[in-house]
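Read off the chains here:
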Amino acid sequence: MIDPLVERIATRIRAERERRRWTLAQLADASGVSRAMINRIERGESNPTAVVLGKLSAAFRISVASLLAQAEEPPARTQAVGVRRRADDAEWTDPETGYRRRQITSPRFPAEIAEIHLPPGARVPYPAAAFAFLHQLVWVLEGRLTFEDGDTVHELGAGDIIELGDPAPRVFANTGADACRYAVVLSRASRP
C-alpha cells in the first residue's frame, strides 16, 4: 500500500517535470539524480531522501519547502485561514536520516515556514541551487545545529537565528547527542 504523502510527493514531482515539458532524462541531467530513481519516485515506489529532494528542487529552481508544501497539504484543505490542528498535519520523514519535516504555513501564505526535527547524527546537504531566488532564515528552537554555509561553519543553539545570504552549498547537521528542532522561514526574492 502506498503512503498517501509519498503518493502526493510523486504527483508533485511529476507535475513539476511535465510543466517544464522535461523528459526523465532531462530532469536527471539537470538534477544529478538518476533517471531510474526519478522514475521510482514518480511512480510512488520510493520515498525520496532529503538530499534527493534538494537536488530535484534545485533543478526546478524552487525550494524544498515549495516542493513539499503542496504535497503535504491534504487535498481536502480549502480554507486559507483558521485553526489547523497538529493532528491534521502531515509530517514527512526522510527515510535515510530520520529527519522529520512539517509544513507550518499553507501554500497560500506569503512566507513558507517549516518545522524540522533533526535526530542526533543526521546530516542533510543541499546544493547552492536549492537556495536561489530565496530569502531564508533558520531559527533553532531546541538542541544544537551545526550549520555549514559554504565554507563557514556555525554552531547554533536554542534561540539562535541565522539569516542566509547568497546561495551556497549548505549542510544541516546534528553532531550532538540530543534531537534538534528548528524552523525554516523563507520568502521568494523573485520568480525564476
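All residue numbers refer to positions counted from 1 along the written sequence of the respective chain. Where totals are concerned, whole chains, interfaces and linings use all residues; where local detail is concerned, this predicted model gives features only for residues with pLDDT of at least 70, and gives and counts side-chain atom pairs only at 80 or more. Side-chain descriptors were evaluated using all non-hydrogen atoms of the structure, hydrogens and water having been removed beforehand.

A.B. asks: Looking at this structure, how should I read the pattern of salt bridges?
C.D. replies: One side chain can pair with another of opposite charge once the charged atoms of both are near each other. What counts as a salt bridge is simple: a side-chain nitrogen of Lys or Arg found within 4 Å of a carboxyl oxygen of Asp or Glu. In this structure the tally under the stated criterion is 12 salt bridges. One salt bridge in this structure joins Arg-12 and Glu-16, with 2.3 Å as the shortest N-O distance. Placement of the pair is Arg-12 and Glu-16 together in helix α1 (residues 4–19), with a separation of four residues, close to one helical turn. Neither residue differs from the other here; Arg-12 and Glu-16 are each classed as buried. When the shortest N-O distance is used, the salt bridge between Arg-20 and Glu-16 registers 2.4 Å. Helix numbering and strand numbering both begin at the N terminus, where a helix is a DSSP run of H or I of at least 4 residues and a strand a DSSP run of E of at least 2. Using a 1.4 Å probe on the protein chains alone, a residue whose accessible area is under 20% of its type maximum counts as buried, one over 50% counts as exposed, and one in between counts as partly exposed.

A.B. asks: Looking at this model, I keep getting lost on the environment of Ala-30. Mind explaining?
C.D. replies: Structurally, Ala-30 is set in helix α2 (residues 24–31). Residues Ala-30 and Leu-56 lie 26 residues apart in sequence; the distance between their C-alpha atoms is 8.2 Å.

A.B. asks: Help me out: how do you make sense of the environment of Ala-65 in this one?
C.D. replies: Residue placement: Ala-65 occurs in helix α5 (residues 64–72). On the basis of relative accessibility, which here comes to 10%, the residue Ala-65 falls in the buried class. Sequence separation of Ala-65 and Val-185 is 120 residues, and the distance between their C-alpha atoms is 9.3 Å.

A.B. asks: How do you make sense of helix α3 (residues 35–42) when you look at a structure like this?
C.D. replies: Residues separated by three or four positions in an α-helix point in the same direction, a consequence of the helix having 3.6 residues per turn. Taken as a whole, α3 has its buried residues at Ile-38, Ile-41 and Glu-42. Each buried residue of α3 lies within a common arc of 95 degrees when the element is viewed along its axis, so the set occupies one face. Of the surrounding elements, those touching the buried residues of α3 are α1, α2 and α4 (50–60). Gly-44 occupies a position one or two residues after α3 and carries a positive phi of about 75 degrees. Directions from the helix axis toward the C-beta atoms define the arc. Here a residue-residue contact requires only that any non-hydrogen atoms of the pair lie within 4.5 Å.

A.B. asks: Where do I start with the packing of aromatic side chains in this structure?
C.D. replies: Two measures describe an aromatic ring pair: the distance that separates the ring centres and the angle between the ring planes. Side-chain rings of Phe, Tyr and Trp (the six-membered ring for Trp) are treated as a pair once their centres are within 6.5 Å; stacked means planes under 30 degrees apart, edge-to-face means over 60, and tilted covers the remaining angles. In the structure shown here, the tally under the stated rule is six aromatic pairs. Ring geometry for Trp-92 against Tyr-99: centres 5.8 Å apart, planes inclined by 75 degrees, an arrangement best described as edge-to-face. Assessed through its relative accessible area of 4%, Tyr-99 is described here as buried. On the basis of an interplanar angle of 85 degrees and a centroid distance of 6.2 Å, the ring pair of Tyr-126 and Phe-131 is categorised as edge-to-face. A residue is classified by how much of its surface remains accessible, and Tyr-126, at 9% relative accessible area, is buried. When its relative accessible area of 6% is taken as the criterion, Phe-131 is described as buried. Here the aromatic residues Tyr-126, Phe-131, Phe-147, Phe-172 and Tyr-182 are joined through ring pairs into a cluster of three or more.

A.B. asks: Quick question: what am I supposed to make of the environment of Pro-120 here?
C.D. replies: Looking at the element boundaries, Pro-120 is found in the loop between β3 (112–118) and β4 (123–126). Counting along the chain gives 54 residues from Pro-120 to Asn-174, while the straight-line C-alpha distance between them is 5.2 Å. Beyond its immediate sequence surroundings of up to four residues, Pro-120 is in contact with Asn-174, Gly-176, Ala-177, Asp-178 and Ala-179.

Any functional reading would require information that these geometric values do not contain.
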